[in-house]
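# Observations on the model geometry
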Amino acid sequence: MKRYSFLKHLWYSSQGKFGIITLSLLVIMAVFAPLIAPFDPYDITQRGLRLQPPSWKHLFGTDWYGTDIFSQIVYGSRISLIIGGATALGVTVIGGLLGVIAGVYGRGIDTLLMRIVDFVMVLPGLPIMIMILTYVGNSFYVLIMVLVLFGWAGISRVVRAVVLSEKKRGYVEAAICAGATKWYLIKKHLLPATYPLLVVNTAFTAAGSMLAEAGLSFLGFGDPRVISWGKILNNARTSNALVLGAWWWIIFPGLAIFLASFSVMSLGVAAEKLLNPKLRDRREEV
Amino acid sequence: MSFPYLVKRIIQMVLTIFLALTLSFVLIRALPGNPAERFYGDPRIPEEVKEQIKAAFGLDKPVWMQYLHFLKQFAKGDLGVSYTYNRSVTSVVLERLPWTLFLTAVPTVVSMVAALKIGVYIGCKRGKLADKLISCVAFALHSVPTFWFALLLVLFFSFKVGLFPLQGMFDPKTEGFAKFLSLIHHVFLGWLTLFLVNTPSFAVYVRNMVVSILGEEFIITARAKGLLEREIRKRHILRNALGPLFSMLTLRIAGMLGGAVLIETIFSWKGMGLLVLEASRNSDYPLLQATVMITIVSVILANFFADLLQTLFDPRVRFE
């Protein structure tokens, strides 16, 4: 499928359309944040304007420090998107590669890798991440690395399963008989077979890491130098927004997290339906 | 349950715990900014004092001896003394463990029962409105941060309606049964959060199992025998969906016990999760390490029991 027609098909499904529109809006918001945000999200000097409910001037109200919440959310989109994108990329590359290696080489390497996968998957991520961040200090890059460290396992197992079933297919065996090298097999046949899964898994990983970042920032383990959606909620928690009844301080950042994650997930599901012929046929029947 | 399977599973579990401990050991020593380094890392400290500190921590010995010592201490349940509580970290953590289990286990069990009911129902009526609705809700819930959902519930039920307390564990003035009621009153929103977040996705999982079971030949046989639809659902569908539900549970336990940090923070619920946060905030390293390690071990043990339950309900697994 050509890239152009792929995007076109994506656009024709309602989930794909929703994903593309919402995600594009978020990307525009992140790129042009200084132009879109009406106020300075780091300005904590407007104490006279504290805890204003939503109005035309302050769309999503203001927080305890008088900072405009809408502006904070606009700037926060940068962190969420970068964390989601970077983690998804790292997880897909590392998880995909290890999965292909396990599937192609089999034997000892496979057993070892899958044991590690089993192990990583039973680890409770959040407390361990908190421990690592406590030692190393909260920073953007450490956060991404930690998220990749806990994210690669699931994808590599799925990729391995696809490679294993693909290896038994006639055309791959024919290629082996024709003298194809392992590297040629991986590049030409096995890796392309995993693309549909990789795409949907990348989307889900991106969504999941956005949520994880939000959770860690909510607990106070985000990068202290930048604003993120989780951190707005953390500020709300430490300033007792619940007791103050500042509902706008809680609802809007959460909605932003939800929308970002949901749009990426929708895009992933729509892409999966397109790339996976079995699912596509079923769709066309409807 | 077959004996060899049990033995195999126990050996596997012990190996996993061993691996987890090894990983903790490596992490604690390899990470920059580890606590021992803070004691002797200052360049103004003279060389002899540095040696003394290292000896006191056992850091002058070779790594493998430190490792053996670490394992021995863990086996004895001696994980050091908490800086903030000034007593054995193991006792502090074990005091908190039941509270985390109380918070997470109850809604999980209720969720599973509800998911079985709902899942079998929508699975048998796939493509109908109820099925589509619950599948949509489950998909959307994947994108809802659980902690935010909890905040919304608190915002509505505690702040707006005033039905539940904002946070805390129980009213300190109450005694006996009243204290228990107060406890339920305080934990309820936490339970509700976990129940509402987990049930739809559990139900969709059961639904997918049910859909594949419906295509099996024994269902056709059961229909041919003239069994009532109710009987088929109970004896053949429900029974077969139960095993896989437990296997899905094993994948979720880590996330649920780990995710307790967030829920406990919101409700000021004094369990293991809040302890991790406290220890981190107070730079109480022995406590932090012990809490994380005991959380890991709890997850592994919980997985073990979920697996055993699965084999009870689904004998096929044992022979794999």
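Residues numbered from 1 in each chain as written. Chains lettered and ligands numbered in written order. Predicted model: local features only at pLDDT ≥ 70, side-chain atom pairs only at ≥ 80, totals over all residues.

Residues and elements named next belong to chain B. Locating Ser158 in the fold gives a position in helix H7 (residues 146-160). Separated by 37 residues in the primary sequence, Ser158 and Tyr121 place their C-alpha atoms 33 Å from one another. Apart from residues no more than four positions distant in its own chain, Ser158 is found in contact with Leu163, Phe164, Pro165, Leu166 and Leu189. (Helix = DSSP H or I, 4+ residues; strand = E, 2+ residues; numbered from the N terminus. Contact = placed C-beta atoms within 7 Å.)

Here we take up the interface of chain A and chain B. Between chain A and chain B, the residue contacts involve 34 residues of the former and 37 residues of the latter. Within the residue set of the side of chain A that touches chain B, elements represented by two or more residues are helix H5 (107-122), helix H6 (125-136), helix H9 (182-218), helix H11 (241-244) and helix H12 (247-275) of chain A. Ranked by the residues each element gives to the side of chain A that touches chain B, the list is headed by H6 of chain A, at 10 residues. Looking at the side of chain A that touches chain B, its residues break down into 27 nonpolar, seven polar and no charged. (Nonpolar A, V, L, I, M, F, W, Y, C, P; charged D, E, K, R; others polar.)

All names here are of chain B. The phi angle at Asn86 is positive, at roughly 60 degrees, despite the residue not being glycine. Within the secondary structure, Asn86 sits in the loop between helix H4 (63-76) and helix H5 (89-124). The backbone phi angle of Ser268 is positive, close to 50 degrees, even though this residue is not glycine. Along the chain, the position of Ser268 falls in the loop between helix H10 (229-267) and helix H11 (272-281). Ser268 gets classed as partly exposed once you count the C-beta atoms within 10 Å, which come to 13. (Buried ≥ 20, exposed ≤ 12 C-beta atoms within 10 Å, placed from the backbone.)

Two numbers describe a pair of packed helices, the interaxial angle and the distance between the axes. Residues and elements named next belong to chain B. For the pair H5 and helix H12 (residues 285-313), the least separation of the axes is 9 Å and the interaxial angle reads 50 degrees. Classified by the angle their axes make, H5 and H12 are oblique. Crossing angle aside, the handedness with which H5 passes H12 is right-handed. Of the residues in H12, those touching H5 at Val89, Thr90, Val92, Val93 and Leu97 are Pro286, Leu287, Ala290, Thr291, Ile294 and Ser298. Split into classes, the residues belonging to the contact of H5 with H12 amount to eight nonpolar, three polar and no charged. (Axes fitted to C-alpha atoms, helices over the stretch in contact; angles between N-to-C directions. Parallel < 35°, antiparallel > 145°, perpendicular 65-115°, else oblique. Left-handed = near helix turned anticlockwise from the far one by under 90°.)

Once that is clear, we can look at the nonpolar core. Counting residues in hydrophobic clusters, the biggest one holds 141 residues, and the most contacted among them are Ile73, Met129, Ala203 and Ile257 of chain A together with Val206, Ile263 and Val276 of chain B. Ranked by the residues each element gives to this core, the list is headed by H12 of chain A, at 16 residues. In this structure, Ala203 of chain A is in contact with Val264, Met265, Leu267, Gly268 and Ala271 of chain A, ignoring residues within four places of it in sequence. (Core = buried A, V, L, I, M, F, W, Y, C linked by C-beta atoms within 7 Å.)

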